[in-house]
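Analysis of the macromolecular model
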Number of protein chains: 2
Amino acid sequence: MKKEPNENQENICPLEFVQHVIGGKWKISILWALSIQTRRFNELQRLFPNITQAMLTKQLRELERDRFIRRKVYREVPPKVEYSLTPIGKDFFPIIKQMYEWGEKNYDVMNAQKKNPSNKRC
Amino acid sequence: MKKEPNENQENICPLEFVQHVIGGKWKISILWALSIQTRRFNELQRLFPNITQAMLTKQLRELERDRFIRRKVYREVPPKVEYSLTPIGKDFFPIIKQMYEWGEKNYDVMNAQKKNPSNKRC
DNA sequence: GGCAATAGTATGATTTTTGATAGTATCTAT
DNA sequence: ATAGATACTATCAAAAATCATACTATTGCC
């Protein structure tokens, strides 16, 4: 039998839920990108050149399933699909923003104490 | 060569940093538990009966490395080690709290639209 | 029909994360 | 010297996430 984490710790469950829906390597970045503006599939690929097409599709499908984003297909040539945030997705944005700000503030602090600060990528 | 996600998207980098330091299945829950009070190793094990000892140790070491928590050893018998939040860890807490609140608010909303609401665990 | 452009799917391999289990270290009271 | 309590550490296995690559679908225009 596969165990669930934490089955008798009710007060932590909402956190597990959040981790479940925004887990993975790309979802937060995708939500961030969509919070700035509606984007096409291609555009997201260009923004994240290191995500594979299959993975991008998978993440978008999951975000759609969890009602963070909306997928709108235009029956045109060439094909066009637009992704945008739903109200639930927008409601989540303040959290991402806070994470961004915390990250910005603490990235340098943490790296300043390491040997080779030139490793900095951003 | 292993690619890094997103190497030319500077404005998303702080988010990647945050994901890196709080990623994994247990860190947020551990931080939540420590935000309530300082805890001993044993206590954390009891709180999260489904995390293995090895994994708990690993997560605690990483949180310590990233300066979220402080590890204090008491030279006593039986051995006693206490874990508590550092200022950086405390600074992160509002984010966790917001995640908790968002999760609480949206868990039901999402599950209400599924077939079997009795699956609810919390 | 054939091509070009966008947005995917499918499949199998590789990497990363997590788990299970057993063993170690420390100290003290008996 | 041994046992008992806490806090680990080591090793290998299993599961999950991600990747690389190739293939498919849709549509309008030539």
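Since we're looking at a predicted model, the values are computed, not measured.

What counts, and at which threshold
- Sequence order as written defines the numbering, with residues in each chain counted from 1.
- Chain letters start at A and ligand numbers start at 1, both assigned in the order the entries are written.
- Given that this is a predicted model, residues contribute local features only at a pLDDT of at least 70 and side-chain atom pairs are listed and counted only at 80 or more, while totals for whole chains, interfaces and linings are drawn from all residues.
- In computing side-chain properties, one takes all heavy atoms of the structure into account and sets aside hydrogens as well as water.
- Runs of E in the DSSP output that reach at least two residues are strands. Runs of H or I that reach at least four are helices, and both are numbered from the N terminus.
- The contact definition used throughout considers only heavy atoms, calling two residues in contact when any of these lie within 4.5 Å.
- Any two strands with at least two DSSP-identified bridges between them are counted as paired.
- What makes a residue near a molecule or strand is one non-hydrogen atom of that residue sitting within 4 Å of it.
- Under this definition, polar contacts are N or O atom pairs within 3.5 Å; protein pairs additionally need one hydrogen-donor-capable and one acceptor-capable atom, and for neighbouring residues in sequence, both atoms have to be side-chain atoms.
- Side-chain classes follow a simple rule in which Ala, Val, Leu, Ile, Met, Phe, Trp, Tyr, Cys and Pro form the nonpolar group, Asp, Glu, Lys and Arg form the charged group, and the remainder, Gly included, forms the polar group.
- Helix axes are fitted to C-alpha atoms over the stretch in contact, other axes to C-alpha atoms as well, and angles between N-to-C directions run from 0 to 180 degrees.
- Between Lys or Arg on one side and Asp or Glu on the other, a salt bridge is scored when a side-chain nitrogen of the former is within 4 Å of a carboxyl oxygen of the latter.
- Per-residue accessibility, obtained with a 1.4 Å probe over protein chains only, is compared with the maximum for each type, and a residue is labelled buried under 20%, exposed over 50%, and partly exposed between these values.
- For classification purposes, angles smaller than 35 degrees are called roughly parallel, those larger than 145 roughly antiparallel, those between 65 and 115 roughly perpendicular, and all remaining angles oblique.
- Aromatic rings from Phe, Tyr and Trp, taking only the six-membered ring of Trp, are treated as a pair when their centres fall within 6.5 Å; an angle between ring planes under 30 degrees marks them as stacked, one over 60 as edge-to-face, and anything in between as tilted.
- For a ring to carry a charge above it, either NZ of a lysine or CZ of an arginine must fall within 6 Å of the ring centroid while also lying within 35 degrees of the normal to the ring plane.

**Observations concerning the overall build of chain A**
If you tally the helices and strands in chain A, you get five helices and three strands. The helix and strand sequence of chain A, counted from the amino end, reads α-α-β-α-α-β-β-α. Long-range pairs, those at least 24 residues apart, make up 44% of the contacts in chain A with a sequence separation of at least 6.

**Section: the pairing of strand E2 (residues 69-74) of chain A**
Residues and elements named next belong to chain A. Where E2 and strand E3 (residues 80-85) come together, six bridges link them in antiparallel fashion. Bridging from a neighbouring strand, tyrosine 74 pairs with lysine 80 of E3. Counted along the chain from E2 to the antiparallel partner E3, the turn is five residues long.

**Some words on the protein's contact with DNA strand C**
All names here are of chain A. Around DNA strand C sit 21 residues, and of these Asn42, Gln53, Arg71, Pro79 and Tyr83 come closest. Note that a phosphate oxygen of DNA strand C is positioned 3.3 Å from one of the backbone N or O atoms of valine 81. The greatest single-element share of the surface near DNA strand C, amounting to four residues, is contributed by helix H4 (residues 53-65). Grouping the constituent residues of the surface near DNA strand C by class yields 10 nonpolar, five polar and six charged.

**Considering the sheet that holds E2 of chain A**
All names here are of chain A. Spatially, E1-E3-E2 is the arrangement adopted by the three strands of the open sheet, whose pairing is antiparallel. Sheet topology places strand E1 (39-40) and E2 at the edges, where each strand pairs with a single neighbour. Relative to E3, helix H2 (residues 27-36) is tilted by about 95°, and along the sheet it contacts E1, E2 and E3. Taken strand by strand, H4 contacts E2 and E3, and its axis lies near 115° from that of E2.

**Things to note about the protein's contact with DNA strand D**
Lining the immediate environment of DNA strand D, one finds 21 residues, of which Arg75 of chain A together with Gln53, Arg71, Pro79 and Tyr83 of chain B sit closest. Contact distances for DNA strand D include 2.9 Å between a phosphate oxygen and a backbone N or O atom of asparagine 42 of chain B. In this structure, a base nitrogen belonging to DNA strand D sits 2.2 Å away from a side-chain N or O atom of glutamine 53 of chain B. Elements that contribute at least two residues to the surface near DNA strand D include exactly helix H3 (41-47), helix H4 (53-65) and strand E3 (80-85) of chain B. With four residues, H4 of chain B is the single largest residue contributor to the surface near DNA strand D.

**Thoughts on the sheet that holds strand E2 (residues 69-74) of chain B**
Consider a sheet: its strands pair through backbone hydrogen bonds, and that pairing is either parallel or antiparallel. Residue and element names in this part refer to chain B. With antiparallel pairing, three strands are arranged side by side in an open sheet as E1-E3-E2. Whereas interior strands pair on both sides, the edge strands pair on one side only; in this sheet they are strand E1 (39-40) and E2. Helix H2 (residues 27-36) rests against E1, E2 and E3 of the sheet, and its axis sits at about 95° to E3.

**Points about the pattern of salt bridges**
Evaluation of the coordinates by the stated rule reveals 14 salt bridges over all chains. Across the salt bridge formed by aspartate 91 of chain B and lysine 105 of chain A, the nearest N and O atoms sit 3.0 Å from each other. Linking aspartate 91 of chain B in helix H5 (residues 87-112) with lysine 105 of chain A in helix H5 (residues 87-112), this pair reaches from one chain into another. The class for lysine 105 of chain A is exposed, based on a relative accessible area of 51%. The residue lysine 80 of chain B makes a salt bridge to glutamate 82 of chain B at a minimum N-O spacing of 3.9 Å.

**Considerations on helix H1 (residues 13-22) of chain A**
Of all the 10 residues making up H1 of chain A, nine are buried; the element is thus mostly covered by neighbouring parts of the structure. Where H1 of chain A ends, the next residue or the one after it, glycine 24 of chain A, has phi of about 95°, a positive value.

**Re the environment of proline 49 of chain A**
Residues and elements named next belong to chain A. In this structure, proline 49 sits in the loop between helix H3 (41-47) and H4. Exposure remark for proline 49: the relative accessible area of 37% places this residue in the partly exposed category. Taking C-alpha positions, proline 49 is 20 Å from isoleucine 22, a pair spaced 27 residues apart along the chain.

**Digging into the packing of helix H1 (residues 13-22) of chain B against H2 of chain B**
Packed helices, taken two at a time, are described by the angle their axes make and the gap between the axes. All names here are of chain B. Interaxial distance between H1 and H2 falls to 8 Å at its minimum, and their mutual angle equals 75°. Taken together, the axis directions place H1 and H2 in an arrangement best described as roughly perpendicular. Judged by residue contacts, His20, Val21 and Ile22 of H1 engage Lys27, Ile28 and Leu31 from H2. Residues of the contact of H1 with H2, tallied by class, amount to four nonpolar, one polar and one charged.

**Some details on the packing of aromatic side chains**
According to the stated counting rule, one finds 14 aromatic pairs over all chains in the structure shown. When the ring centre of tyrosine 74 of chain A is taken as origin, the NZ or CZ atom of lysine 80 of chain A, which lies over that ring, is 4.7 Å away.

In short, geometric facts, not functional conclusions.
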